[in-house]
Amino acid sequence: MVTSVPASPATLVLEDGRTFAGRSYGAVGQTLGEAVFSTGMTGYQETLTDPSYHRQVVVMTAPHIGNTGVNDEDPESRRIWVAGYVVRDPARRHSNWRASRGLGEELAAQGVVGISGVDTRALTRHLRERGAMRVGIFSGDALADHAVLLERVRSAPQMAGADLAAEVSTTEPYTVPAIGEKKYTVAAIDLGIKGMTPQRMAERGIEVHVLPATTTPEQIYALDPDGVFFSNGPGDPATADHPVALMRGVLERSTPLFGICFGNQILGRALGFGTFKLKYGHRGINQPVKDRATGKVEVTAHNHGFAVDAPLNRVSDTPYGRAEVSHVCLNDDVVEGLRLLDRPAFSVQYHPEAAAGPHDAAYLFDRFVSLMEDQRA
């Protein structure tokens, strides 16, 4: 149980035993999850409401958070999904013409336990060196001796092996109509979809049918779709057997296919590649990615702790034809995109909808439209 009271002592405990003291921020109580850091200096509301952050405690590397408050236009989903929130200096008051309330107030209202006054630079360096790990934030009645808190943290489930997509997916199908003339119909599999994703497709004349993660091939093709989209989402892709089987059914029919983030990992598995957990992941809105087809470098928005294990320097033979790595991260050579050469399917590991920016990768939605145009022709 969590409550909202004036800031009180709070403690952050990592599973390796390191501890940070601070003040409560948002709700008061206890929360457990995986500690990760986000390097975005703006767009904290979009980060908080991204379903891909389910069961993760997000450390913001930007020191000042909450300056622009919270509004009712920018959420990417129906609720805040982060398990906990860690900031250094929360805004004492917000100031923005669109704001309707403060960030701390919103965190408390949604029961999100946070901590402020933490040396987030030191915490981030620790996570970079030791890797993402389990963490707990404790305040109010949840505070206890260090040994007790550490045991709570170490008893929490790990992210590796976590099957979470169904927990954040819609339970009922819904439709986002095309803006202007309807040109195409797309079935979007919701593994943790952000609201801006169907919006970007609707802007291109696409009627988007958002479907639950448990959708069957028969339900997809009852819509007579021009294309199928697999969204971002949380958890370990190694557990996503149903989405992988679903995608293989789409590939067998050669329906134009586009996947982002978790969808990229699903495509990797569908093609026969493995996946692995990154040491500390990519999270933020300033990640450099190279499109290997054009040589262009894009600054992109990321949120992933797992990646596809595919060869970078050669074309691979798969059950669905030849495939290649289309995009790569310039920081660490992680696979950031896949493309089939013999069927109309591609994916990227990052977020081209990027509601908070940047918008370098928006062309990928046009690429999806081109695949559907070519298929019709």
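Residues numbered from 1 in each chain as written. Predicted model: local features only at pLDDT ≥ 70, side-chain atom pairs only at ≥ 80, totals over all residues. Heavy atoms only, no water.

- You'll find the chain entered in an unreviewed UniProt entry as Carbamoyl phosphate synthase small chain, with Streptomyces spiramenti given as the organism.
- In the Sequence similarities (unreviewed entry) part of its UniProt record, the chain is described as follows: "Belongs to the CarA family." (UniProt positions renumbered as here; feature names shortened; annotations may be inferred.)

## Brief notes about the side chain of serine 316
Working step 1: Secondary-structure assignment places serine 316 in strand β17 (residues 316-318).
Working step 2: Judged by its relative accessible area of 5%, serine 316 is buried. (Helix = DSSP H or I, 4+ residues; strand = E, 2+ residues; numbered from the N terminus. Buried < 20%, exposed > 50% of the residue type's maximum accessible area, 1.4 Å probe, protein only.)

## Observations concerning the pattern of salt bridges
Working step 1: For the structure shown, the criterion picks out 18 salt bridges.
Working step 2: In this structure, arginine 339 engages glutamate 324 in a salt bridge whose closest nitrogen and oxygen atoms are separated by 2.5 Å. Of the two residues, arginine 339 is situated in strand β19 (residues 335-340) and glutamate 324 in strand β18 (residues 321-329); the sequence distance between them amounts to 15 residues.
Working step 3: Look at arginine 339 and you get partly exposed, because its relative accessible area is 31%.
Working step 4: When its relative accessible area of 22% is taken as the criterion, glutamate 324 is described as partly exposed.
Working step 5: The structure contains a network of salt bridges with shared partners spanning Arg200, Glu203, Arg204 and Asp366. (Salt bridge = Lys/Arg side-chain N within 4 Å of Asp/Glu carboxyl O.)

## With respect to the layout of surface pockets
Working step 1: One number sums up the size of the largest pocket: a volume of about 270 Å³.
Working step 2: Lining of the largest pocket is provided by 18 residues; of these, Thr42, Gly43, Tyr44, Thr68 and Asp74 occupy positions nearest its centre.
Working step 3: Those elements that place two or more of their residues in the lining of the largest pocket are α1 (44-48) and β5 (64-65).
Working step 4: In terms of residue count, α1 provides more of the lining of the largest pocket than any other element does, 3 residues in total.
Working step 5: Residues of the lining of the largest pocket, tallied by class, amount to 4 nonpolar, 11 polar and 3 charged.
Working step 6: Of the pockets and cavities examined, the second largest pocket occupies roughly 200 Å³.
Working step 7: Lining the second largest pocket are Thr61, Pro63, Arg88, Asp119, Thr120, Arg121, Thr124, Arg125 and Arg128.
Working step 8: Its residues placed into classes, the lining of the second largest pocket shows 1 nonpolar, 3 polar and 5 charged. (1 Å grid on protein atoms, 1.4 Å probe; cavity = no way out; pocket = protein on both sides within 12 Å on 5 of 7 lines; lining within 4 Å. Points joined across faces, edges and corners; volume = space filled by probe spheres on them. Nonpolar A, V, L, I, M, F, W, Y, C, P; charged D, E, K, R; others polar.)

## Quick notes on the UniProt feature "active site" (unreviewed entry) in the chain
Working step 1: UniProt marks Cys261, His351 and Glu353 with the feature "active site" (unreviewed entry), using the numbering shown here. Taking the farthest pair of C-alpha atoms as the criterion, the annotated set spanning 93 residues converges on one region, since that pair is 11.3 Å apart. The subset of the named residues that lines the largest cavity consists of His351 and Glu353.
Working step 2: Within the fold, histidine 351 resides in the loop between β20 (345-348) and α10 (363-376).
Working step 3: The class for histidine 351 is buried, based on a relative accessible area of 3%.
Working step 4: Beyond its immediate chain neighbours, meaning those up to four positions away, histidine 351 contacts Asp50, Lys194, Asn232, Ile260, Cys261, Ala301, His302 and Asn303. (Contact = heavy atoms within 4.5 Å.)

## Regarding the UniProt feature "binding site: L-glutamine" (unreviewed entry) in the chain
Working step 1: When the UniProt feature table is mapped onto this chain, "binding site: L-glutamine" (unreviewed entry) is found at Ser52, Gly233, Gly235, Phe262, Gln265, Asn303, Gly305 and Phe306. The annotated residues occupy 255 residues of the chain but converge on a single region, no pair of C-alpha atoms lying more than 13.3 Å apart. Of the residues annotated just before, the largest cavity has Asn303 among its lining.
Working step 2: Looking at where glutamine 265 falls in the secondary structure, it is placed in helix α9 (residues 262-270).
Working step 3: The contacts of glutamine 265, once residues within four sequence positions are left out, are Pro237, Thr275, His304, Phe306, Ala307, Val308 and Gln349.

## Focus: the packing of aromatic side chains
Working step 1: Overall, the coordinates contain 5 aromatic pairs when judged by the stated rule.
Working step 2: On the basis of an interplanar angle of 50° and a centroid distance of 5.4 Å, the ring pair of phenylalanine 258 and phenylalanine 368 is categorised as tilted. Linking phenylalanine 258 in strand β14 (residues 257-260) with phenylalanine 368 in helix α10, this pair joins segments that are 110 residues apart in sequence. With respect to class, phenylalanine 258 is no different from phenylalanine 368; both count as buried.
Working step 3: In this structure an aromatic cluster arises from ring pairing among Phe229, Phe258, Phe346, Phe365 and Phe368.
Working step 4: Here arginine 79 stacks its cationic end above the ring of tryptophan 81, 3.9 Å away from the centre of that ring.
Working step 5: Sitting over the ring of tyrosine 221, arginine 253 keeps its end group 3.8 Å from the ring centre. (Phe/Tyr/Trp six-rings, centres within 6.5 Å; stacked < 30°, edge-to-face > 60°. Lys NZ or Arg CZ within 6 Å of the ring centre and 35° of its normal.)

## A few points about empty space enclosed by the protein
Working step 1: Counted by the stated rule, this structure contains 2 cavities of 30 Å³ or more.
Working step 2: When its volume is computed, the largest cavity comes out at roughly 190 Å³.
Working step 3: Lining the largest cavity are 20 residues, and of these Thr47, Lys194, Gly284, Ile285 and Ala301 lie nearest its centre.
Working step 4: Where the lining of the largest cavity is concerned, the elements lending two or more residues are α1, β15 (274-291) and β16 (297-309).
Working step 5: Sorting elements by how many residues they give to the lining of the largest cavity places β16 first, with 3 residues.
Working step 6: By residue class, the composition of the lining of the largest cavity is 6 nonpolar, 10 polar and 4 charged.
Working step 7: Each pocket or cavity is described by its volume, and for the second largest cavity that value is around 130 Å³.
Working step 8: What lines the second largest cavity is a set of 17 residues, among which Gly233, Pro234, Gly235, His304 and Gly305 lie closest to the centre.
Working step 9: Elements supplying a minimum of two residues to the lining of the second largest cavity: α9 and β16.

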